[in-house]
Amino acid sequence: MTDHPRPVVQRFSGHETLEGAGVRLRRAFGNGEVPLFDPFLLLDNFGSKEPADYLAGFPWHPHRGIETVTYMLDGQVDHGDSLGNSGTIGAGDVQWMTSGSGIIHQEMPRRSEPLLRGFQLWVNLPARAKMGVPAYRGLRGGEFPVETTDDGARVRVVSGRFGSVEGPVRGISVDPTYLDVTLPPGGKFQLPLPPEHTAFAHTIDGPVRFGPSEGPESPAGETTLFGPGDHAAASAGPAGGRFLLVAGRPLHEPVAWYGPIVMNHQSELSEAVRELRAGTFVKERRPVVEE
Ligand code: FE
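The paragraphs below set out a description of the structure included in this document.

About the cut-offs
Residues numbered from 1 in each chain as written. Predicted model: local features only at pLDDT ≥ 70, side-chain atom pairs only at ≥ 80, totals over all residues. Heavy atoms only, no water. Phe/Tyr/Trp six-rings, centres within 6.5 Å; stacked < 30°, edge-to-face > 60°. Buried < 20%, exposed > 50% of the residue type's maximum accessible area, 1.4 Å probe, protein only. 1 Å grid on protein atoms, 1.4 Å probe; cavity = no way out; pocket = protein on both sides within 12 Å on 5 of 7 lines; lining within 4 Å. Points joined across faces, edges and corners; volume = space filled by probe spheres on them. Helix = DSSP H or I, 4+ residues; strand = E, 2+ residues; numbered from the N terminus. Nonpolar A, V, L, I, M, F, W, Y, C, P; charged D, E, K, R; others polar. Donors = N, O, S within 2.8 Å, 3.2 Å for Na, K, Ca; no water. Tetrahedral: all angles 85-135°; square planar, octahedral: opposite > 155°, others 65-115°.

## Remarks on the packing of aromatic side chains
In step 1: Applying the stated rule across the entire model yields 12 aromatic pairs.
In step 2: Here Phe29 and Phe37 contribute two aromatic rings whose centre-to-centre distance is 3.7 Å and whose plane-to-plane angle is 0°, an arrangement assigned as stacked.
In step 3: Accessibility expressed as a relative area gives 1% for Phe37, which makes it buried.
In step 4: A network of ring pairs unites the aromatic residues Phe12, Phe29, Phe37, Phe40 and Phe200 as a single cluster.

## Digging into the layout of surface pockets
In step 1: Here the largest pocket defines a volume of roughly 380 Å³.
In step 2: Glu19, Arg27, Asp44, Phe58 and Trp122 are the residues nearest the centre of the largest pocket, which is lined by 23 residues in total.
In step 3: When residues of the lining of the largest pocket are traced back to their parent elements, those giving at least two are strand 3 (23-29), strand 4 (40-48), strand 5 (58-63), strand 10 (103-109), strand 11 (116-124) and strand 25 (256-258).
In step 4: Residue composition of the lining of the largest pocket, grouped by class: 11 nonpolar, eight polar and four charged.
In step 5: In this structure, the second largest pocket spans a volume of roughly 230 Å³.
In step 6: Looking at the second largest pocket, it is lined by 17 residues, and the ones nearest its centre are Gly160, Arg161, Asp175, Pro176 and Thr177.

## Thoughts on unusual backbone geometry
In step 1: Between Glu113 and the following residue, Pro114, the backbone shows a cis peptide bond with an omega angle of 0°.
In step 2: Along the chain, the position of Pro114 falls in the loop between strand 10 and strand 11.
In step 3: Here the residue pair Gly206 and Pro207 is connected by a cis peptide bond, since its omega of 0° sits within 30 degrees of zero.
In step 4: Tracing the chain through its elements places Pro207 in the loop between strand 19 (198-205) and strand 20 (208-210).

## Points about the coordination of the iron ion
Under ideal tetrahedral coordination, the four donors around a metal are separated by 109.5 degrees; under ideal octahedral coordination, the six donors are separated by 90 or 180 degrees.
In step 1: Around the iron ion, the protein contributes the donor atoms His61 (NE2), His63 (NE2), His105 (NE2) and Glu107 (OE), at 2.1 to 2.4 Å from the metal centre.
In step 2: Coordination at the iron ion is irregular, judged from the four donor atoms that bind it and the angles of 88 to 176° they form at the metal.
In step 3: Here the donor residues for the iron ion map to a single chain with the spacing H-x1-H-x41-H-x1-E. Taken together, the residues span a long stretch of sequence, with His61 in strand 5 and His105 in strand 10 at a distance of 44 residues.
In step 4: The buried category is assigned to His61, whose relative accessible area is 17%.

Pasting the structure below:
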């Protein structure tokens, strides 16, 4: 490994918000942060032991121009969409949904004991793919390779590469890396990343130190944005730690954002709203299932 770890440029504690039909969740980052996380738009952390916080769910709603990536740690979410897909996202599962030109779906958490815990990441699509054909990938937990390093780090690979393994989610526009990393007490982690990629970590169990060894400690729930360098580095304290590590190629394109629809220009948002009212928003209805 070369000696240029990516520095920590900014840390985000997130804020509580109500989404869907009244789901209480923590937004790690969102439209106030554009374009810092380009190509990533938003990260929501929905974790609660109180069913009243999440049972209202996210009833039928549209998406256009983005990908939504749901990763469940605990509990279950039922879903259905205008492509004809339906099912349940359970603990360890990932749904990687490419809305393209338009999808209408619902995401309804089930009463989950002892808790519901998961993340939804929004990945922007490049202008040329925003009106593309929608795609849906539902992956079970067992489909993700897990690498254990000499330092005892346990790395679950959703997308991108870690060491000799590659995650099963492939063919995504921004060439993403999406890892779930668990560190033992005192454990260390390093991953070379393309220098031009935007990279961040979200701490699940902390504290974890990111960046050069003298970096600050990141508590659970905090998001750490990395600056330029040739690898992302992390180390855990005496309690060990766990975090998501996400990276992708920035798009450097204008962002026009209206709720669940993210395009490049205001005129495209107006068009989407017109189509929603006219019932012509969804262009593709045939079931498209990519594994
Ligand atoms: Fe959605």
